[in-house]
Amino acid sequence: MQHILVPIFICVVLPVAIVLIAAAVKMNGQNKRSEVLLKALDSANGVDVDKLMRMMENRDDHKGHHSKNRTPQEHQSRRLLHGCLWTLIGLVLVIYNGTAISIGGDMLNFDSDMIWWGGISIAVGVSFLIVYTVNACQMRKQAQQELSMTESREDEAVKE
């Protein structure tokens, strides 16, 4: 009975607790923000409420890993980073465990199933790299189209 309780706790209770804590933290932050804005509105000190709201939003954006302020180049570099890391981790797992299996023993008592995790890591990394490559080609084409459009506009302006 005891060895059933631990997986149930880890798989059910812990995720529910994490979601509840995250929701409570977010709700608390929103309540604090609304209190500050209400106090700013109540006081007639000439506080620019719009500017205050923008400042509070910018401050909150730097707390977490929000991606709405990232440029397309930053998204691309993160894809490349994640692709390289996942692929490298997968290669290390596959090579290490493949070597351990071919020698005939398990190095550091690793399970031979780790080779599957290595394959999954390689697949995830390659998918990131594919998305990076496709998006880089699309961004290059967009940049060329924008450049040709601006050149044609400049040529038209010169002709007039």
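Below is a short write-up of the structure. Bear in mind the structure is a predicted one, so any value in this text is a computation, not a measurement.

**Re the overall build of the protein chain**
Right, so step 1: In terms of regular secondary structure, the protein chain is built from 4 helices and 0 strands.
Right, so step 2: Scanning the protein chain from its N terminus toward the C terminus, one meets helices and strands in the order α-α-α-α.
Right, so step 3: Counting every position in the protein chain, which comprises 160 residues, the buried fraction comes to 12%.
Right, so step 4: Taking the intrachain contacts of the protein chain between residues at least 6 apart in sequence as the baseline, contacts between residues at least 24 apart amount to 57%.

**Concerning a nonpolar patch on the surface**
Right, so step 1: Together, Ile4, Val6, Ile8, Phe9, Ile10, Val12, Val13, Leu14, Val16, Ile18 and Leu20 make up an exposed nonpolar region whose accessible area comes to about 980 Å².
Right, so step 2: By the element assignment, Ile18 lies in helix H1 (residues 2-42).

**Remarks on helix H3 (residues 72-103)**
Right, so step 1: For H3, built from 32 residues, the straight-helix expectation of 46 Å at 1.5 Å per residue is met to within 8% by its first-to-last C-alpha distance of 46 Å.
Right, so step 2: Gln76, Gly83, Thr87, Gly90, Leu93, Asn97 and Ala100 are the residues of H3 that are buried.
Right, so step 3: Against the buried residues of H3 lie helix H4 (114-159).
Right, so step 4: Just downstream of H3, Gly104 is the residue with a positive phi angle, here 110 degrees.

**Regarding a negative patch on the surface**
Right, so step 1: Residues Glu151, Glu154, Asp155 and Glu156 make up a contiguous surface patch of negative charge.
Right, so step 2: Within the secondary structure, Asp155 sits in helix H4.
Right, so step 3: For Asp155, a relative accessible area of 46% corresponds to the partly exposed category.

**Details of the packing of H3 against H4**
Right, so step 1: It is at 7 Å that the axes of H3 and H4 come closest, and there the two elements cross at 155 degrees. Between H3 and H4, the angle falls in the class roughly antiparallel. As H3 packs across H4, the resulting crossing turns out to be left-handed.
Right, so step 2: When its residues are assigned to classes, the contact of H3 with H4 shows 20 nonpolar, 13 polar and 1 charged.

**A word on the nonpolar core**
Right, so step 1: By size, the foremost hydrophobic cluster in this structure holds 5 residues: Leu37, Ala40, Val49, Leu52 and Met56.
Right, so step 2: Secondary structure elements with two or more residues in this core: H1 and helix H2 (49-61).
Right, so step 3: Of all the elements, H2 adds the most residues to this core, at 3 residues.
Right, so step 4: If we ignore the near neighbours within four places in the chain, the residues touching Ala40 are Val47 and Leu52.

**Observations regarding the side chain of Thr87**
Right, so step 1: Position of Thr87 relative to the elements: it lies in helix H3.
Right, so step 2: Among the residues examined, Thr87 registers a relative accessible area of 15% and is labelled buried.
Right, so step 3: Non-local contacts of Thr87, meaning those with residues more than four positions away in its chain, are made with Ser121, Ile122, Gly125, Val126 and Leu129.

What counts and what doesn't
- Residues numbered from 1 in each chain as written.
- Predicted model: local features only at pLDDT ≥ 70, side-chain atom pairs only at ≥ 80, totals over all residues.
- Heavy atoms only, no water.
- Helix = DSSP H or I, 4+ residues; strand = E, 2+ residues; numbered from the N terminus.
- Buried < 20%, exposed > 50% of the residue type's maximum accessible area, 1.4 Å probe, protein only.
- Contact = heavy atoms within 4.5 Å.
- Patch = residues over 30% accessible without salt bridge, like charges linked within 9 Å, V, L, I, M, F, W, Y side chains within 5 Å.
- Areas by Shrake-Rupley, 256 points an atom, 1.4 Å probe, with all protein chains shown as cover.
- Salt bridge = Lys/Arg side-chain N within 4 Å of Asp/Glu carboxyl O.
- Expected span 1.5 Å × (residues − 1).
- Lys, Arg positive; Asp, Glu negative; His and termini not counted.
- Charge placed at Lys NZ, Arg CZ, Asp CG, Glu CD.
- Axes fitted to C-alpha atoms, helices over the stretch in contact; angles between N-to-C directions.
- Parallel < 35°, antiparallel > 145°, perpendicular 65-115°, else oblique.
- Left-handed = near helix turned anticlockwise from the far one by under 90°.
- Nonpolar A, V, L, I, M, F, W, Y, C, P; charged D, E, K, R; others polar.
- Core = buried A, V, L, I, M, F, W, Y, C linked by side-chain atoms within 4.5 Å.

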